[in-house]
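# Structural overview for review
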Amino acid sequence: MWCVPKLTSEFKERMEDILDVYARPYNAKEPVVCLDEKSKQLLADSRPSLPTAKGKTAIQDYEYVRKGTGNIFVAVQPLAGKRITQVTKRRTKKDYAFFIERLVAHYPKAKVIHLVQDNLNTHFFPSLVEAFRVRKARKLWKKIKPHYTPKHASWLNMAEIEINAISTQCLNRRIASLDGLYEEVEACVARRNRDRAMINWTFSREKAKKTFPKLYLNELCG
């Protein structure tokens, strides 16, 4: 969702950094990966649904039973059509750190992973220190080159597009348990990885100049 904050030099600097990262050609040694999380409310039927019939959809009671929430970490490598996910109970600093550990393990030959993410307070090096010893935290973070979206501009993170696709394709219904959420996400991601589903990103520096002319007023006048 487009949500443009106050246009500042910091906004311009961070936006251009991310757009430059997206413009990089595919490089297995320096993969560009976008990361984000999604919370999913777990809901069970209060009464059994009526089964489907030929030409008809299932009939479901509007009442439901709350079963808590789950969290989904999503990392997508747009130029490779590859995504990595993990379902967790929460999205604490330690949960983020363990997902970073998993992400790094998926790219053993990478020199550095360019990681696009938002400014959530868990998305920083201290989260790894809290989860691991300092030595291991530094070793993992050394493989990460973070690129933070401007504040209130997470639409620049392609992981949001991937999360929307997963939500539309397999999460747009009631899921009653964390295990059920895990199974749905795993099946959906396996299929999308098999199909190498890509993201067609078209927003560039040139388009940014047209979209935010006030940011580039001096350049245009010059």
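Let us look at the structure shown here.

Take the overall build of the protein next. Tallying secondary structure elements over the protein gives 8 helices and 5 strands in all. For the protein, the sequential pattern of α-helices and β-strands runs α-β-β-β-α-β-α-α-β-α-α-α-α. Scored against the burial criterion, the 222 residues of the protein give a buried share of 43%. Nonlocal contacts in the protein, meaning residues at least 24 apart in sequence, comprise 74% of its contacts between residues at least 6 apart. For the protein, the accessible area works out to roughly 13100 Å², and carbon and sulfur atoms hold 53% of it.

A few words now on unusual backbone geometry. With phi around 65°, His 152 is a residue other than glycine that occupies positive phi space. Mapped onto the elements, His 152 comes out in the loop between β5 (144–148) and α5 (159–170). Taking the relative accessible area as the measure of exposure, His 152 reaches 61% and is therefore exposed. Its identity as a non-glycine residue notwithstanding, Arg 196 has a phi of 50°, on the positive side. Tracing the sequence through the fold places Arg 196 in the loop between α6 (178–194) and α7 (205–211).

What follows concerns the environment of Ser 9. As for its position among the elements, Ser 9 is in helix α1 (residues 9–22). Here the alpha-carbon distance between Ser 9 and Leu 215, two residues 206 residues apart in the chain, equals 7.8 Å.

If you look at the biggest cluster of nonpolar residues, it comprises 22 residues, and the most contacted ones within it are Tyr 96, Ile 100, Leu 103, Leu 115 and Leu 128. Of all the elements in the fold, those that place two or more residues in this core are β1 (32–45), β2 (64–77), α2 (93–105), β4 (113–117), α4 (134–142) and β5. Broken down by element, the residue count for this core peaks at 6 residues, all from α2. Other than its neighbours up to four places away in sequence, Leu 103 contacts Val 33, Ala 75, Ile 84, Ile 113 and Leu 115. Counting 13 residues, the second largest nonpolar core, distinct from the first, contains Leu 42, Val 74, Cys 170 and Cys 188.

Turning next to the environment of Ala 159. One can find Ala 159 in helix α5. For Ala 159, a relative accessible area of 0% gives the class buried. Sequence spacing of Ala 159 and Glu 37 is 122 residues, and the spatial spacing of their C-alpha atoms is 8.5 Å. Once residues within four sequence positions are removed from consideration, Ala 159 is found in contact with Cys 34, Leu 35, Asp 36, Val 74 and Val 76.

Let us look at the packing of aromatic side chains. For the structure shown, the criterion picks out 9 aromatic pairs. Aromatic pair Phe 124 and Tyr 148: ring centres 4.7 Å apart, planes at 20°, arrangement stacked. Here Phe 124 is found in the loop between β4 and α3 (125–131), whereas its partner Tyr 148 is found in strand β5, with 24 residues between them in sequence. Of the residues examined, Phe 124 reaches a relative accessible area of 30% and is grouped as partly exposed.

Rules used throughout
Residues numbered from 1 in each chain as written. Predicted model: local features only at pLDDT ≥ 70, side-chain atom pairs only at ≥ 80, totals over all residues. Heavy atoms only, no water. Helix = DSSP H or I, 4+ residues; strand = E, 2+ residues; numbered from the N terminus. Buried < 20%, exposed > 50% of the residue type's maximum accessible area, 1.4 Å probe, protein only. Contact = heavy atoms within 4.5 Å. Areas by Shrake-Rupley, 256 points an atom, 1.4 Å probe, with all protein chains shown as cover. Core = buried A, V, L, I, M, F, W, Y, C linked by side-chain atoms within 4.5 Å. Phe/Tyr/Trp six-rings, centres within 6.5 Å; stacked < 30°, edge-to-face > 60°.

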